[in-house]
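Topology and contacts: notes
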Amino acid sequence: MKLSCIFCHGRPGKAPERVGLAWTDVTTGEVHVTSSSDVQLADDVHRISPAEVLVAAPPPCDSVFKVPAKDADGRPCLASLGWTNVAWARDTYTTAVPVAWQDMRRGRALTRLFYGTESDVCHKLDPLHQRALFMLLGYMKHTQRKHLPFLALPGTEVRHRHLIIDAAARRSLELIT
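So, a few notes on the structure that sits alongside this text. All values derive from a computational prediction rather than experimental measurement. (Residues numbered from 1 in each chain as written. Predicted model: local features only at pLDDT ≥ 70, side-chain atom pairs only at ≥ 80, totals over all residues. Heavy atoms only, no water.)

Here helix α2 (residues 104–115) spans 16 Å end to end across twelve residues, near enough to the 16 Å set by a 1.5 Å rise per residue. Taken as a whole, α2 has its buried residues at M104, G107, L110, T111, F114 and Y115. Seen end-on, α2 carries its buried residues on one side only, within an arc spanning 115°. N-cap assignment for α2: the residue whose side-chain oxygen lies 3.3 Å from the backbone N of R105 is D103. A positive backbone phi angle near 85° is found at G116, which sits one or two residues after α2. (Helix = DSSP H or I, 4+ residues; strand = E, 2+ residues; numbered from the N terminus. Expected span 1.5 Å × (residues − 1). Buried < 20%, exposed > 50% of the residue type's maximum accessible area, 1.4 Å probe, protein only. Arc of directions from axis to C-beta. Polar contact = N/O pair within 3.5 Å; in protein donor to acceptor, adjacent residues only side chain to side chain.)

Given below as structure tokens:
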């Protein structure tokens with residue numbers, strides 16, 4: 001089961017300039033981080049194919065809650081959280097987590113908890129990647145209270161080093177994952 005976290009960096013009410021993605025396959029412990037944009041986000045989420053996506057809820061929210069796909073008026077609920085392009089959320093279970101989970105001090109404590117040290121993890125990652133990873137680790141700690149899963153050190157995916165295949169191309173190529 002893959003779990004993905006999206007950290008948005010930008011101005012409220014506008015499309016994000018950059019988006020940080022962190023995801024893990026909880027069955028294998030693999031962890032990855034990358035950057036995306038509002039335009040590329042749908043392709044990235046479809047490529048990762050997570051069972052659940054985490055997004056930051058705006059303050060004053062201080063608890064985890066599930067985001068329904070649509071509100072009573074039929075509008076995407078993620079629009080109320082500041083997301084403008086929500087095509088990626090159609091087939092994905094979405095959970096909002098407190099924005100405080102992106103805090104650097106809290107995040108460093110989480111990396112010490114999961115990895116035993118913060119220097120190997122935090123200093124090698126872009127701040128955007130760090131915040132997405134911190135949200136992911138916070139959610140893992142929140143949901144796996146008795147036994148924390150093993151997570152490998154995060155690997156950084158750089159867009160120009162990989163062949164990117166969007167959802168339409170994947171369907172037409174009949175790739176088996």
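What follows is about helix α1 (residues 41–48). Counting buried positions over the eight residues of α1 gives six, a clear majority of the element. Listing the buried residues of α1 in full gives L41, A42, D44, V45, R47 and I48. The positive-phi residue at the C-terminal boundary of α1 is S49, with phi of around 55°.

In this structure, Y115, L133, L137 and L151 are the most contacted members of the largest nonpolar core, which totals 21 residues. Elements with a contribution of two residues or more to this core: β3 (30–36), β4 (52–57), α2 and α4 (127–143). Take this core: its biggest share by element is seven residues, from α4. (Core = buried A, V, L, I, M, F, W, Y, C linked by side-chain atoms within 4.5 Å.)

All right, on to unusual backbone geometry then. Look at S49: it is not a glycine, yet its phi comes out positive at around 55°. Along the chain, S49 falls in the loop between α1 and β4.

Moving on to the side chain of H129. Within the secondary structure layout, H129 lies in helix α4. Ignoring sequence-local partners within four residues, the contact set of H129 consists of V33, T34, S35 and T156. (Contact = heavy atoms within 4.5 Å.)

One way to put it is that α2 packs onto α4 with a least axis distance of 9 Å and a crossing angle of 60°. Of the possible angle classes, the one that applies to α2 and α4 is oblique. As for the relative orientation of α2 and α4, their crossing is left-handed in sense. Here M104, R106, G107, R108, L110, T111, L113, F114 and Y115 of α2 lie close against α4, whose contacting residues are Q130, R131, F134, L137, G138, M140 and K141. Its residues placed into classes, the contact of α2 with α4 shows eight nonpolar, four polar and four charged. (Axes fitted to C-alpha atoms, helices over the stretch in contact; angles between N-to-C directions. Parallel < 35°, antiparallel > 145°, perpendicular 65-115°, else oblique. Left-handed = near helix turned anticlockwise from the far one by under 90°. Nonpolar A, V, L, I, M, F, W, Y, C, P; charged D, E, K, R; others polar.)

From the geometry alone we can't say anything about function, so treat these as descriptive.
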